[in-house]
Amino acid sequence: MSPDQLTLRPVSTAPLSCKICDGAAELYGVVDFHRPCHIPNGYRPPLLGVPVYYRRCAGCGFLFTDAFDDWSHDQFKVHIYNDAYIAFDPDYKIARPTGNAGVVMRLCGDRKTNMKVLDFGGGNDVLCSALRANGFAAAVTYDPMVPEYSTRPEGKFDLVTCFETLEHLPDPVEGIARMVECTAEPGAIFYSTLTQPADIDNVGLSWWYIGPRNGHISIFTKQALVTAWARHGYRNVSLNDGMHVAFRTLPEGWRVN
């Protein structure tokens, strides 16, 4: 891919409004477009020579780039989620969705026979296939980047899952709104995204989770997650640095700390 094929939003040196809390987000750092997240096999692509600037909000700490804010789904598919993507995320096809299916099964337990699940950003349906095979009332995949699953299903779901997706969204508040629209009341959204480490100001953009080639363009603090979900009337509870639950009213018998 030639740098001339990419059309990124021009960088501004002026502070921009944070996408989460509208606070002032100054320029924070810059990486090459080909910067990937940590890859187990150590593969590193050659630099492309296209700078991608990230900003960090002084209020909620949200770390993001606006470089891709003008891109269509097709542009993301051509330049990021293309045939080469699997080299940068080798667990995408089987390992991650299979592991996540096990987590959902343990979470739901005996409730599964009455549980309707939507996997938001679910990729290839591996997770939902496992849930259906294990007795869930319904398990449906929705992913606008995958043609077979790009039509959002109708109706409400008792549980919406969203694994390793929120960090890929150029407009995460809008993405959260779409998840909320699909969630029954009572109901819950169970999702994963890794929040910034305590020493983020020391490691900066060298932190392994930041990588535009992987599509990681929205990097949260726990405070930013709380603020983003609160904009839709939801409470957010972080179970740890990477797993979270958001809800208005939890289904009967569910408990979170």
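Bear in mind the structure is a predicted one, so any value in this text is a computation, not a measurement.

## Some words on a nonpolar patch on the surface
On the surface, V11, L27, V30 and Y53 cluster together into a nonpolar patch covering about 290 Å² of accessible area. By the secondary structure assignment, Y53 is in strand β3 (residues 51–57).

## Some thoughts on helix α7 (residues 222–230)
Looking at α7, one finds that the buried residues are A224, L225, A228 and W229. Buried residues of α7, viewed axially, fall in a sector of 125 degrees; they line one side. Those residues of α7 hidden inside the fold are in contact with α5 (172–181), β8 (183–192), β10 (235–238) and β11 (243–247).

## Here we look at the nonpolar core
Counting 29 residues, the largest nonpolar core has F62, M179, I189 and W229 as the members making the most contacts within it. Of all the secondary structure elements, the ones that give two or more residues to this core are β5 (116–120), β7 (157–163), α5, β8 and α7. Counting residues in hydrophobic clusters, the runner-up holds 22 residues, among them L8, I200, I210 and I219.

## Section: the packing of aromatic side chains
Both the distance between ring centres and the angle between the ring planes are used here to describe each pair of aromatic rings. Applying the stated criterion to the full structure yields 15 aromatic pairs. Judged by centre distance (6.1 Å) and plane angle (50 degrees), the ring pair of F33 and F68 falls under tilted. You can see F33 sitting in the loop between β2 (24–32) and β3 and its partner F68 sitting in the loop between β4 (63–64) and α1 (73–79), a full 35 residues away along the chain. Since its relative accessible area comes to 0%, F33 is described here as buried. An angle of 90 degrees between the planes, with centres 5.8 Å apart, marks the rings of F163 and F190 as edge-to-face. Here the residue F163 occupies a position in strand β7, and F190 occupies one in strand β8, the gap between them amounting to 27 residues. Just as F163 is buried, F190 falls in that class too. Through successive ring pairs, a cluster of aromatic residues spans F33, F68, W71, F76, Y81, Y85 and Y92. Positioned over the ring face of F157 is K116, at 5.3 Å from the centre of the ring.

Parameters and conventions
- Counting restarts for each chain: residues are numbered from 1 in the order of the written sequence.
- Totals for whole chains, interfaces and linings use every residue, but because this is a predicted model, local features are given only for residues with pLDDT of at least 70 and side-chain atom pairs only at 80 or more, for both listing and counting.
- Side-chain numbers here rest on the full set of heavy atoms in the structure, without hydrogens or water.
- A patch is a set of surface residues, each over 30% in relative accessible area and not in a salt bridge, joined within 9 Å for like charges and within 5 Å for the nonpolar side chains Val, Leu, Ile, Met, Phe, Trp and Tyr.
- Note on areas: these come from Shrake-Rupley sampling with a 1.4 Å probe, and a residue is covered only by the protein chains present in the view.
- The term salt bridge refers to a side-chain nitrogen of Lys or Arg lying within 4 Å of a carboxyl oxygen of Asp or Glu.
- Helix and strand assignments come from DSSP, with helices taken as H or I runs of at least 4 residues and strands as E runs of at least 2, each series counted from the N terminus.
- A 1.4 Å probe rolled over the protein chains alone gives each residue an accessible area, and that area as a share of the maximum for its type sets the label: buried under 20%, exposed over 50%, partly exposed in between.
- Picture the helix axis, draw a direction to every C-beta atom, and the arc is the one those directions span.
- Contacts are residue-level and defined by heavy atoms, with any inter-residue pair within 4.5 Å sufficient.
- As used in this record, nonpolar core signifies buried Ala, Val, Leu, Ile, Met, Phe, Trp, Tyr and Cys residues forming a set joined through side-chain atoms within 4.5 Å.
- Ring geometry is summarised as follows: Phe, Tyr and Trp rings, the Trp one being its six-membered ring, pair when their centres sit within 6.5 Å, and such pairs are stacked at plane angles under 30 degrees, edge-to-face over 60 and tilted between the two.
- Charge over a ring is defined by NZ of Lys or CZ of Arg lying within 6 Å of the ring centre and within 35 degrees of the ring normal.

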